[in-house]
Protein chains: 4
Amino acid sequence: METLGHLINGQMLATGERRQAIFNPATGEASKELVLASRETVEQAIAVADAAFPAWRDTPPLKRARIMFRFKELLELNADKIAALIGEEHGKISHDALGELQRGIENVEYACGAPELLKGEHSKNVGPNIDSWSEFQPLGVVAGITPFNFPVMVPLWMMPMALVCGNCFVLKPSERDPSSTLYIAQLLQEAGLPDGVLNVVNGDKEAVDTLLTDSRIKAVSFVGSTPIAEYIYSTATVNGKRCQALGGAKNHAIVMPDADMDNAVNQLLGAAFGSSGERCMALSVAVAVGDAAADSLVEKMTAAMAGLKVGVCTERSNDFGPVITRQHQEKVVGYINSAEAQGARIVVDGRNVQVPGYENGYFVGATLIDQVTPDMQSYQEEIFGPVLQVMRVDSMQQAMELIDAHEYGNGTCIFTRDGEAARYFSDNIQVGMVGINVPLPVPVAYHSFGGWKRSLFGDLHAYGPDAVRFYTKRKTITQRWPSAGVREGAQFAFPS
Amino acid sequence: METLGHLINGQMLATGERRQAIFNPATGEASKELVLASRETVEQAIAVADAAFPAWRDTPPLKRARIMFRFKELLELNADKIAALIGEEHGKISHDALGELQRGIENVEYACGAPELLKGEHSKNVGPNIDSWSEFQPLGVVAGITPFNFPVMVPLWMMPMALVCGNCFVLKPSERDPSSTLYIAQLLQEAGLPDGVLNVVNGDKEAVDTLLTDSRIKAVSFVGSTPIAEYIYSTATVNGKRCQALGGAKNHAIVMPDADMDNAVNQLLGAAFGSSGERCMALSVAVAVGDAAADSLVEKMTAAMAGLKVGVCTERSNDFGPVITRQHQEKVVGYINSAEAQGARIVVDGRNVQVPGYENGYFVGATLIDQVTPDMQSYQEEIFGPVLQVMRVDSMQQAMELIDAHEYGNGTCIFTRDGEAARYFSDNIQVGMVGINVPLPVPVAYHSFGGWKRSLFGDLHAYGPDAVRFYTKRKTITQRWPSAGVREGAQFAFPS
Amino acid sequence: METLGHLINGQMLATGERRQAIFNPATGEASKELVLASRETVEQAIAVADAAFPAWRDTPPLKRARIMFRFKELLELNADKIAALIGEEHGKISHDALGELQRGIENVEYACGAPELLKGEHSKNVGPNIDSWSEFQPLGVVAGITPFNFPVMVPLWMMPMALVCGNCFVLKPSERDPSSTLYIAQLLQEAGLPDGVLNVVNGDKEAVDTLLTDSRIKAVSFVGSTPIAEYIYSTATVNGKRCQALGGAKNHAIVMPDADMDNAVNQLLGAAFGSSGERCMALSVAVAVGDAAADSLVEKMTAAMAGLKVGVCTERSNDFGPVITRQHQEKVVGYINSAEAQGARIVVDGRNVQVPGYENGYFVGATLIDQVTPDMQSYQEEIFGPVLQVMRVDSMQQAMELIDAHEYGNGTCIFTRDGEAARYFSDNIQVGMVGINVPLPVPVAYHSFGGWKRSLFGDLHAYGPDAVRFYTKRKTITQRWPSAGVREGAQFAFPS
Amino acid sequence: METLGHLINGQMLATGERRQAIFNPATGEASKELVLASRETVEQAIAVADAAFPAWRDTPPLKRARIMFRFKELLELNADKIAALIGEEHGKISHDALGELQRGIENVEYACGAPELLKGEHSKNVGPNIDSWSEFQPLGVVAGITPFNFPVMVPLWMMPMALVCGNCFVLKPSERDPSSTLYIAQLLQEAGLPDGVLNVVNGDKEAVDTLLTDSRIKAVSFVGSTPIAEYIYSTATVNGKRCQALGGAKNHAIVMPDADMDNAVNQLLGAAFGSSGERCMALSVAVAVGDAAADSLVEKMTAAMAGLKVGVCTERSNDFGPVITRQHQEKVVGYINSAEAQGARIVVDGRNVQVPGYENGYFVGATLIDQVTPDMQSYQEEIFGPVLQVMRVDSMQQAMELIDAHEYGNGTCIFTRDGEAARYFSDNIQVGMVGINVPLPVPVAYHSFGGWKRSLFGDLHAYGPDAVRFYTKRKTITQRWPSAGVREGAQFAFPS
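Residues numbered from 1 in each chain as written. Chains lettered and ligands numbered in written order. Predicted model: local features only at pLDDT ≥ 70, side-chain atom pairs only at ≥ 80, totals over all residues. Heavy atoms only, no water.

Looking now at the overall build of chain A. Counting its regular elements, chain A contains 16 helices and 23 strands. Taken against the 2.2 N^0.38 rule, which gives 23 Å for 496 residues, the C-alpha radius of gyration of chain A at 25 Å falls within 12% of a compact globule. Based on the C-alpha atoms only, the size of chain A along its principal axes is roughly 90 × 60 × 40 Å. A burial count over chain A gives 70% of its 496 residues as buried. Partitioning the contacts of chain A with sequence separation of at least 6, the portion at a separation of at least 24 is 73%. Taken as a whole, chain A presents about 14500 Å² of accessible surface, with 50% of it coming from carbon and sulfur. (Helix = DSSP H or I, 4+ residues; strand = E, 2+ residues; numbered from the N terminus. Rg over C-alpha atoms; globule rule 2.2 N^0.38 Å. Buried < 20%, exposed > 50% of the residue type's maximum accessible area, 1.4 Å probe, protein only. Contact = heavy atoms within 4.5 Å. Areas by Shrake-Rupley, 256 points an atom, 1.4 Å probe, with all protein chains shown as cover.)

Structural data, given as structure tokens:
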């Protein structure tokens, strides 16, 4: 069985540390062995990055950007391999894995614009003959801690921008599916990144805590669940670091009476069940305004779900694959059970789905639950599975109150044709990413990603323009040259 | 004796709470009595601000900005009164107080540009017929906690920008000299700010801790000493708030052999002793490169210091006034004593200065210390008094290593005519605000203020462009309108 | 009778030149005498401005902006007097004149942000140790030529931004109503503008041609009719100047079947008849989609127009006043006649309106014409009078084709509730300023004003961000400091 | 002999038109035959571009940018072939041709950031519930007319930005060396550009005049000599087009007494003689401040020039090649003759250079002329050959007056170590591109290129941020949604 180690200083290292298995979620079998970094190993990675920093910081932004141009080419050339690595460990169907990669590549493309993005502001004559300008200088060594659900995309939210800003990077990917992450890190080396500028350490809490407390780490980017995000944020900030920690979500769509229902159903299908609902932007609650809209939605959705196929990643006709672990499968099923127990109606039931030939896989079928109410556990918590819950309200205002009362504020959407409804909703809803007839309003790479309320801890959002500010510190320079008669004569002397 | 209370919901309140005296530092006598807010009072202020938020948030930015236009006029009309209030409680000479006010007004002027500053980014066709844009929405109720040394300027770093961004504000000014702060808050009301949008609570740790823990406070801006800044930052962030906490400083000037020494001395005079050195941007260490430069500097500085006058704020010919408290006076003198004990040379000694008629005032005279070394306590800590220490090194490189080894990184300066020296210094020095022949490189209001290392905790700097980001949260909206044949015919029907 | 001269170098000059009368359009009587500048007088104004340029150019932007802060105060203090001056010569009702002034003040407010607006872009390390930045430097002396219909607002579109960018300015206002323009120029002087920085010359073609050909004039901003705009643009550019020349308009509103018709009528009322339709953004054509919408629009509009009052400027209950001259009155009536002759239906006829006591005034009543077709002269040309024409089409697509076929492309609007209609319209229509349920989509002062097609000649729009670019020229500086061992030793010597 | 035609609608066309020879300047022999487009052929190209516009305009900017990513790859893959094509027709040495290509690729890299660069500004609540935003929409079909001296770089200044902004393009390259230009156009097609979006027409004045007068061409970018630039600008603007026309130059370097002379000489060598001085940014005049500096400069420059090699492009050890034509060779020699006749001293004489084996090539050797004065013809006009002229002045102020008195204002440079000198020079000199110790201050691709005075006609500079503004027109949208109770109830009805 293959052993996966760390990428430190351009070398793969895999010696002398604790190990644990990586499983294929479609078969339930262990496929590889992962080395878990000790504190010493993580410190070694940090030291290497710290040593690489001075030269990398002084490399012109355009040269740093050109490594990203090459990296983009390599990611595109190796797309199928990357998708396969994702599929084996995460279970995601190949088209979905390629989609993840594509969104990640968009962040690489954005990073190619580093020279433009790093411009400071120059002010002439802030006083007589005094000029002032700002520079955005890199922080030093920064860290990323990334989740299992997007093993390629989320690291690509962080690394390209951190690197083109002139930082060195230590990445700790998810221990569930690190192969694709490690592979793209190697491609980045191949694209011309100097050794030591990027290092990947695999590990668990010991590795995380080392990153959170070592004084050489200047900033931490995290994506995961809210309790961990909160721990990361408070620990990193107490240790004097910048931190942006993205947590959980419960994303609602309001379905208005005037919505194009066929379009809404079609959109919700992918947004609710794609990638088995294991996305922080998954649309997991549909709030129908009025029973007519609700009935129509449930009826059309039920029909549409009949065509969904769950199965293994290598079969492209499948719509989604297994969830990530046995425990998670049980947890998702438990939420469906609890909804049923609390009085909701299970319209389409994915609890006992069977995938022939993959009886030990961690599959859950697409599930539709109607008559969900705010007191239900399945509503209050993030399920992170292929489950769409329908709620019924009497007005758009009620729908918005429901959304604003939830602890999360990541993404949300409204289906309507009405300009006023769209504007009122997007203006007032207490959610960071808003879609108007767009169920997964993930900002494009040249905008920034971030939720509100307990979905994000920190000031600055992930990737896009905010990433420049997160990965750099402002320096302001004020300059005056005292007069010494320098322009009057050829024989001027400098003051001694 | 006058009693100073709180400004809550447009009213001055001063009932039923703990009290402490405010002293005139030039006489050592109590002049007013200050009410210290209980938790309940602070919560009342927060509740009032919270209630005022929805209407204020929906007020167009231009209308919010117009209150700042009017506020500027009122500050200018009442400048002498403001300066007098500062002088009575802080001791600052009137021209210095007017200077502080002027820098504060510049922040008000910047806030007048709110409509420009709050623009989001709009992207057409992020996909076919899909648009996306960002909005920078206010946070809600935000708090400011400000220090004694700039009772007018530092509140004006915070309030105008927080308010024009659409937030409501709770300010806790210094308990040493709150009169001028309260007065400008009243002027802001008079300028047209709706009741409850700005509230001022006087108090001590109880008030501070209430602000740090109440969930309705969304962000905290702080300026003060580093230990308190660190406490504020870690407490606020653990409580889920944004925080920017500005702390202490030890600002060095490098004096290069080619510097225009007369100019350098003239500049240092104000930068070291102005406002008794009680500025986080005070230039307190001069690092001379080479003994020739050092000797010349000490000689010329000694001569120049002979003309400095310390005394009461009302006498405009004075250069600076007393320090803030008896304890602080003793602390400053203690640092001079310790430097002497550790082997430094006291060139000009301000320890026993006498101001006739003000024998009980907290005065310290301008002090010049030569031969200071990095191991001395007076070097390692922030003195916050009228003390300039001279160090001697052999090269610019050594001077920079000295600066970078210090825990603080607020401001710094180089005196030189040489373009290469200026550029190498400003590029590499690990300090956030850099002057080239500018000893107090405080960024103008349209740039942002912030130190590095342990001089600032947080991602975003104070005032200027960063203030917009600190006082707003990004919302990203993605919009698509499904096609319904709307443009083909006059009799189109909306989907039901 | 009062004689109005020129403002040159801070002085009013009115000697020895040709003269013509200024009329009160409500009475038809001459009220003042205007001096028309000769070539020599204009050259004197240019020379004075040229001499004032070096010092003004070097004045810090913040100081220039502060004159605008003060100017805003003075405009507000003297609002009634300004409105009265406008009314006497233009005929505009006082509330309308105050509205014009208010829009002008918004441009002054924007100009107060000059320090922010003039920031250049700073790039560190465009190559190893090479930096590059841009500066936006003033052009020198620039000129403005402004129309009668907004004697205060249009000059305020130009002067504040040109001046805060560091240019000197020569303004030639309309010879019909120059009093208010001259008065605000004097207020600008009073606000602290140095003599010679702004000069106003009254005149006719001789003055214009001098401005267009004198090599010391670096840029010309013009607002007026299209034939003159075209002449100004080609003459100025052939003479090596920058030019932005804004011309005529024919602004259409599409009224969709789903529009809130009461709202649309209410909005159109002001947009069509306000200021007697003498606005380049007047809404003069309503294109109804479907006969049902058209019939409803005509019916409701007819009813609403019954309440409109035409009369003298001093009576605030009036809705609009006379047109500017006898000839223009005849021209407007002629267009109504021609429409009637070509087969349109005159629904409400304003041709024979009588204003008691003002029988010699140049009044035209509000006129509504239905069944207008593209071949009619009244449709093809700009009427610039209180005439709203209604056209009928079968689809939104047809309405858009109609608009795009017209030679002008200034403003346009759609009345609808439908998001798709709004987005398709605003995306595709070949018009520079688009309203969605906003009939007069004049951009706010922090955006820029400009039409497309033959409504504007030039690259950059008026006021707002574009004005910064129009009134400055880009300078790009690239800087490298060769190494001379400056940081290694204290005793370094400069190369001889 | 190969015949070169046009690229129209993705096809090479070469039938039935006038023809002229292309020469190899190193041998003086004709190498290819060029087809010269008639008016009809140019109109065909315009029609094709016009037809391609609607689909291209609606292609998302990111998709347009991705063609540039691919184009960059193809340019890099085919760099040697491109350099060879340049060399054969222009004569440029291969390393110089590769340098030109590299600078061109940087513009392609910048264009890859289109999604970021095309962002408009979004303002919430410009009034109550009214929003406004700007969009930068493409113009339609735009044209480029490019010079012989950079057959690859200058087209790459224009095409990538024009295209990613959504415009279609018609390029007319120089008739002297069109092969490399045509080849990169084909690579752009290969990169995925749809047919018709880019078209290349070869030709002479007939082609140019067609582009300048056809109403479907919305903008013209030109680089060439000043008389032609002026013709292009006035003709294009009179025909209602945007135009930016870059003309000639006379770029001066000030050599200050404190300059690092070895560095200055080394820099000047490349800047004066590289590419035979056939660059609009060539440094052709060195102004020495003081005779000591002048003597040192002339002495060291003479020594350095001894090592320069002129010859054929294929020999990499050569420093520069022939000039472009026999006539131009004669013209350059004529300027040297005239300088000599007018009293200048020919220090190094390149008039009779012989390149063995290439006796018929158009070679001129590197020439140094001292004691040049402002009245000489060789000073007043642009030589565009490998000739460096030295002038002597007594002060920096005199040097600057000399520069400012010249009709051109393209680039300039100062050699100094002194911060004050650098700042005073860059602030005050009337030249658009300024170097501080950088003799060829060509702005990097993410800034913009443009001279002042008679070196550029138009408002906006070439490439970089200005290119976005030049190749797009601003549209401002103002939006309000009237309230219809849409959020109160589920059963709301739309207004009919």
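So, next bit.
Right, let's get into the interface of chain D and chain A. Counting residues at the interface gives 50 residues for chain D and 50 residues for chain A. Summed over both sides, the interface between chain D and chain A buries roughly 4200 Å², with carbon and sulfur atoms accounting for 58% of that surface. On the chain D side of the contact with chain A, D:Glu420, D:Arg423 and D:Arg487 bury the most area, a combined 19% of that side's loss. In this structure, the connection of chain D to chain A is made through 8 salt bridges. D:Arg423 is paired through a salt bridge with A:Asp131; the nearest N and O atoms lie 2.5 Å apart. Remark: the boundary between chain D and chain A carries 18 residue pairs in polar contact (both at pLDDT 80 or more). Among the elements of the structure, helix H2 (61-77), helix H4 (94-111), helix H5 (114-117), strand S6 (120-127), strand S7 (130-138), helix H14 (396-405) and helix H15 (419-428) of chain D are those that each provide at least two residues to the side of chain D that touches chain A. The dominant element in the side of chain D that touches chain A, judged by the number of residues it contributes, is H15(D), at 6 residues. Residue composition of the side of chain D that touches chain A, by class: 22 nonpolar, 11 polar and 17 charged. (Buried area = accessible area lost by both parts, 1.4 Å probe. Salt bridge = Lys/Arg side-chain N within 4 Å of Asp/Glu carboxyl O. Polar contact = N/O pair within 3.5 Å; in protein donor to acceptor, adjacent residues only side chain to side chain. Nonpolar A, V, L, I, M, F, W, Y, C, P; charged D, E, K, R; others polar.)

Attention shifts here to the packing of aromatic side chains. Across all of its chains, the model carries 26 aromatic pairs over all chains by this definition. Between C:Trp157 and C:Tyr463 the ring centres are 5.1 Å apart and the planes differ by 65 degrees, which places this aromatic pair in the edge-to-face class. Separated by 306 residues along the polypeptide, C:Trp157 in helix H6 (residues 153-164) and C:Tyr463 in the loop between strand S22 (456-457) and helix H16 (464-470) bring together distant segments of the chain. For the residue pair C:Trp157 and C:Tyr463, the accessibility class agrees, reading buried in each case. A ring pair is formed by D:Phe148 and D:Phe384, whose centres lie 6.1 Å apart and whose planes are at 80 degrees; its orientation type is edge-to-face. With D:Phe148 in the loop between strand S8 (141-145) and helix H6 (153-164) and D:Phe384 in the loop between helix H13 (377-380) and strand S17 (387-393), this pair connects stretches of sequence that are 236 residues apart. Taken as a pair, D:Phe148 and D:Phe384 share a single burial class, namely buried. Put simply, the rings of A:Trp157, A:Phe449 and A:Tyr463 pair up and form one aromatic cluster. Of note, A:Lys72 hangs over the ring of D:Phe69, and the distance from its end group to the ring centre comes to 4.5 Å. Residue placement shows B:Lys473 over the ring face of A:Trp452; its charged tip is 3.9 Å from the ring centre. (Phe/Tyr/Trp six-rings, centres within 6.5 Å; stacked < 30°, edge-to-face > 60°. Lys NZ or Arg CZ within 6 Å of the ring centre and 35° of its normal.)

Okay, the UniProt feature "domain: Aldehyde dehydrogenase" (unreviewed entry) in chain A next. Listed under "domain: Aldehyde dehydrogenase" (unreviewed entry) in the UniProt record, and renumbered for this structure, are residues 18-477 of chain A. Between the C-alpha atoms that bound residues 18-477 of chain A there is a distance of 49 Å. The span itself is 42% helix and 23% strand. (UniProt positions renumbered as here; feature names shortened; annotations may be inferred.)

Moving on, we come to the packing of helix H8 (residues 205-213) of chain C against helix H9 (residues 226-238) of chain C. Residue and element names in this part refer to chain C. Where H8 meets H9, the axes come as close as 9 Å, and the angle between the chain directions of the two elements is 35 degrees. Residues Lys 205, Val 208, Asp 209 and Leu 212 of H8 pack against Tyr 231, Ile 232, Thr 235 and Ala 236 of H9. When the residues that make up the contact of H8 with H9 are grouped by side-chain class, the tally is 5 nonpolar, 1 polar and 2 charged. (Axes fitted to C-alpha atoms, helices over the stretch in contact; angles between N-to-C directions.)

With that out of the way, let us pick up the sheet that holds strand S1 (residues 2-4) of chain C. All names here are of chain C. Spatial ordering of the open sheet is given by S1-S5-S4, a layout of 3 strands whose pairing is mixed. Looking at which strands have only one partner, the edges of the open sheet turn out to be S1 and strand S4 (18-24). Ignoring strand direction, the axes of neighbouring strands in this sheet form an average angle of 35 degrees. (Pairing = 2+ DSSP bridges.)

Residue and element names in this part refer to chain D. Taking 1.5 Å of rise per residue, the 16 residues of helix H12 (residues 326-341) would be expected to cover 22 Å, and the 22 Å separating its terminal C-alpha atoms lies within 8% of that figure. Every buried residue of H12 is accounted for by His 328, Gln 329, Val 332, Val 333, Tyr 335, Ile 336, Ser 338 and Ala 339. Residues of H12 that are buried sit in contact with strand S15 (345-348), strand S16 (367-370), H13 and S17. Backbone geometry just downstream of H12 places Gly 343 in the positive-phi region, at approximately 110 degrees. (Expected span 1.5 Å × (residues − 1).)

Once that is clear, we can look at the relation of the copies chain D and chain A. Rotating chain D by 180 degrees about the axis while translating it 0.0 Å along that axis superimposes it on chain A, leaving an RMSD of 0.0 Å. Such values leave the two copies arranged in the relation of a two-fold axis. Considering only C-alpha atoms, the residue of chain D closest to the rotation axis is D:Gly113, which sits at 2.8 Å. Counting the interface residues of chain D, we find that 100% of their copies in chain A are interface residues as well, pointing to one common contact surface. (Least-squares fit on C-alpha atoms with pLDDT ≥ 70 in both.)

Moving on: the packing of helix H3 (residues 79-90) of chain D against H4(D). All names here are of chain D. For the pair H3 and H4, the least separation of the axes is 9 Å and the interaxial angle reads 115 degrees. Along this stretch, H3 crosses H4, giving a crossing that reads as right-handed. Taking contact as the criterion, the partners of Ala 79, Asp 80, Ile 82, Ala 83 and Ile 86 in H3 are, on H4, Ser 94, Ala 97, Leu 98, Glu 100 and Leu 101. Here the residues of the contact of H3 with H4 sort into 7 nonpolar, 1 polar and 2 charged. (Left-handed = near helix turned anticlockwise from the far one by under 90°.)

A positive phi angle, close to 60 degrees, is found at A:Asn437, a residue other than glycine. We note that D:Lys453 has phi near 50 degrees; this positive angle belongs to a residue other than glycine. Along the chain, D:Lys453 turns up in strand S21 (residues 452-453). For D:Lys453, a relative accessible area of 32% translates into the label partly exposed.

Residue and element names in this part refer to chain B. Compared with the 18 Å implied by 1.5 Å per residue over 13 residues, the 18 Å span of helix H10 (residues 261-273) between its first and last C-alpha is a close match. What H10 keeps buried is the set Met 261, Asn 263, Ala 264, Val 265, Leu 268, Leu 269, Ala 271, Ala 272 and Phe 273. If you check the start of H10, you find a side-chain oxygen 3.4 Å away from the backbone N of Asp 262, and it comes from Asp 260. Following H10 by one or two positions, Ser 275 has its phi on the positive side, about 55 degrees.

As a further point, take the relation of the copies chain B and chain A. Laying chain B over chain A is done by rotating through 180 degrees and shifting 0.0 Å along the axis; what remains is an RMSD of 0.0 Å. Here 100% of the contact residues of chain B are again contact residues in chain A; the copies associate through an equivalent surface.

Let us look at the interface of chain B and chain A. Tallying the contact residues gives 70 residues for chain B and 70 residues for chain A. When chain B packs against chain A, close to 5900 Å² is buried across both sides, 48% of that on carbon and sulfur atoms. One can count 6 salt bridges joining chain B with chain A. Across the salt bridge formed by B:Arg469 and A:Asp466, the nearest N and O atoms sit 2.7 Å from each other. At the junction of chain B with chain A, the criterion picks out 41 residue pairs in polar contact (both at pLDDT 80 or more). Those elements that provide at least two residues to the side of chain B that touches chain A are strand S6 (120-127), strand S7 (130-138), helix H9 (226-238), H10, helix H15 (419-428), strand S20 (433-436), helix H16 (464-470) and strand S23 (472-480) of chain B.

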